[in-house]
Amino acid sequence: MNIVTVKQLEIGKGTPKIIVPIIGKTEDELIDEVKFLQTIDFDVLEWRVDHFTQVDNIDAVKSIAQKIATLLPNKPILFTFRTANEGGVKPWPLDAYMQLNKAMASSGLVDLIDVEVFIGDDNVKEIIDIAHKNNVFVVASNHDFEKTPSQSDIVYRLRKMQDLGADIPKIAVMPQNTNDVLTLLAATSEMNEKFATQPIITMSMAGLGAISRIAGTTFGSAMTFGAAKNASAPGQLDVKQLRYILDVMYQSKA
């Protein structure tokens, strides 16, 4: 499996890496969140820009991205606009989504960019091409907030992301029962053992799926999400507790 190295962080090797989101609506809220993260042990910052009230102003977005990078110069920054269809805070036209992501992929201000895989293959490839030309890694993603697809469907979606050229395929699904959580973990294991050439991220959401944010790493998920001040999705664990649990798990593996 390829290792994705971002600012000396090796994703896909060693202890699973922890992503922490920031979801501030204003510049002041975002900067406050970032300053708080200066005191926290985590690996990657995710800016969920769909929460930002000035997201339609690309210059304002770039200005905030520059400030975030200045405050956390050694942390990789994952830029994410999550559409309403996949759990984001607002509907967003595809042309605006494309314009924003292409601008940020070529800005030099972020290290990774999230691309929703079902916006159309050509659109996904266009953003990936621009990102790669500018040494930006791509997390291709899919989120199902209603159900957990079958094991074969989860594996299909992850393979599709990989085939389109994503550096890190990611899927998050909603469980209705414990068997759904097992389905997600089994799909993670199958993808990891049989098909993955890239690190993958998988999770089962909400309280029922919280175990996947810890145990998923055993089955092949290279990264997980923890909450600092604010969670961006149901079931995210406190980042300090998550780090402690992962450290204990991986010490026992040594």
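What you see is a predicted model; the values in this text were computed from it and never measured. Counting restarts for each chain: residues are numbered from 1 in the order of the written sequence. Selection of residues for local features in this predicted model requires a pLDDT of at least 70, selection of side-chain atom pairs for listing and counting requires 80 or more, and totals for whole chains, interfaces and linings are taken over all residues. The basis for the side-chain values is all heavy atoms of the structure; hydrogens and waters are excluded.

A. Spatial organisation of the UniProt feature "active site" (unreviewed entry) in the protein. UniProt positions are given in the numbering used here, feature names are shortened, and annotations may be inferred rather than shown by experiment. As recorded in UniProt, the sites labelled "active site" (unreviewed entry) are His-143 and Lys-170. In sequence the annotated residues extend across 28 residues, while in space they remain close, none of their C-alpha pairs exceeding 8.5 Å. A run of H or I in DSSP counts as a helix once it spans at least four residues, and a run of E counts as a strand once it spans at least two, with each numbered from the N terminus. Along the chain, His-143 falls in strand E7 (residues 137–144). Those residues in contact with His-143 that lie beyond four places of it in its chain are Arg-82, Glu-86, Lys-170 and Ala-172. Whenever two N or O atoms come within 3.5 Å, that pair is a polar contact, provided that in protein one can donate a hydrogen and the other can accept it, and provided that, for residues adjacent in sequence, both atoms are side-chain atoms. For His-143, the side chain forms a polar contact with the side chain of Arg-82, separated by 3.4 Å. With respect to the helices, strands and loops of the structure, Lys-170 is situated in strand E8 (residues 168–173). The buried label applies to any residue whose accessible area, calculated with a 1.4 Å probe on protein chains only, is under 20% of its type's maximum; exposed applies above 50%, and partly exposed to all values in between. The class for Lys-170 is buried, based on a relative accessible area of 6%. By definition, residues are in contact when any of their heavy atoms lie within 4.5 Å.

B. Broad picture of the nonpolar core. The nonpolar core is taken to be a set of buried Ala, Val, Leu, Ile, Met, Phe, Trp, Tyr and Cys residues, with the residues joined through side-chain atoms within 4.5 Å. Among the nonpolar cores identified, the biggest contains 63 residues, and Leu-37, Leu-45, Trp-47, Val-49, Phe-79, Leu-100 and Ile-113 are the most heavily contacted of them. If one sorts the elements of this core by residue count, helix H2 (residues 58–71) sits on top with 7 residues. When sequence neighbours within four positions are dropped, the list of residues in contact with Phe-79 reads Trp-47, Val-49, Val-61, Leu-100, Asn-101, Met-104, Val-110, Leu-112, Ile-113 and Asp-114. Formed by 19 residues, the second largest nonpolar core is a distinct cluster that contains Leu-78, Ile-168, Ala-172 and Met-174.

C. Local environment of the pairing of strand E10 (residues 223–227). E10 sits mainly inside the fold: 5 of its 5 residues count as buried. Covered by surrounding structure in E10 are Met-223, Phe-225 and Ala-227 together with Thr-224 and Gly-226, the residues of both alternating faces. Strands are labelled as partners when DSSP assigns at least two bridges between them. In the sheet, strand E3 (residues 17–22) pairs with E10 via 3 bridges, with the strands oriented parallel. Its bridge partner lying in E10, Ile-19 is registered against Phe-225. Of the strand pairs in this sheet, E10 and strand E11 (residues 237–238) are connected by 2 bridges, and their pairing is parallel. Residue pairing across strands places Ala-227 opposite Asp-238, the latter belonging to E11.

D. Region of the structure containing the environment of Ile-130. Positionally, Ile-130 belongs in helix H4 (residues 121–133). Considered as a pair, Ile-130 and Ile-168 are 38 residues apart in the sequence and their alpha carbons are 16 Å apart. With sequence-adjacent residues up to four places away left out, Ile-130 is seen in contact with Lys-102, Ala-105 and Ser-106.

E. Inspection of the packing of aromatic side chains at higher detail. Centres within 6.5 Å make a pair out of two Phe, Tyr or Trp rings, where for Trp the six-membered ring is used; the pair is then stacked when the planes are under 30 degrees apart, edge-to-face when over 60, and tilted otherwise. Evaluated as defined, the whole model comprises 4 aromatic pairs. Ring geometry for Trp-47 versus Phe-79: centroids 5.8 Å apart, planes at 85°, classification edge-to-face. Here Trp-47 is found in strand E4 (residues 44–48), whereas its partner Phe-79 is found in strand E5 (residues 77–80), with 32 residues between them in sequence. Take Trp-47 and Phe-79: they sit in the same class, and that class is buried.

F. Spatial organisation of the UniProt feature "binding site: 3-dehydroquinate" (unreviewed entry) in the protein. Per the UniProt record, the feature "binding site: 3-dehydroquinate" (unreviewed entry) sits at Glu-46, Trp-47, Arg-48, Arg-82, Arg-213, Ser-232 and Gln-236. Glu-46 gets classed as buried once you look at its relative accessible area, which sits at 2%. Examined against the element boundaries, Arg-82 turns out to sit in the loop between E5 and helix H3 (94–105). Overall, the relative accessible area of 2% leaves Arg-82 in the buried class. If sequence neighbours within four positions are ignored, Arg-82 has contacts with Glu-46, Arg-48, Asp-50, Gly-87, Gly-88, Val-89, Asp-114, Glu-116, Ser-141, His-143 and Lys-170. A polar contact of 3.0 Å, which involves the side chain of Arg-82, links it to the side chain of Asp-114.

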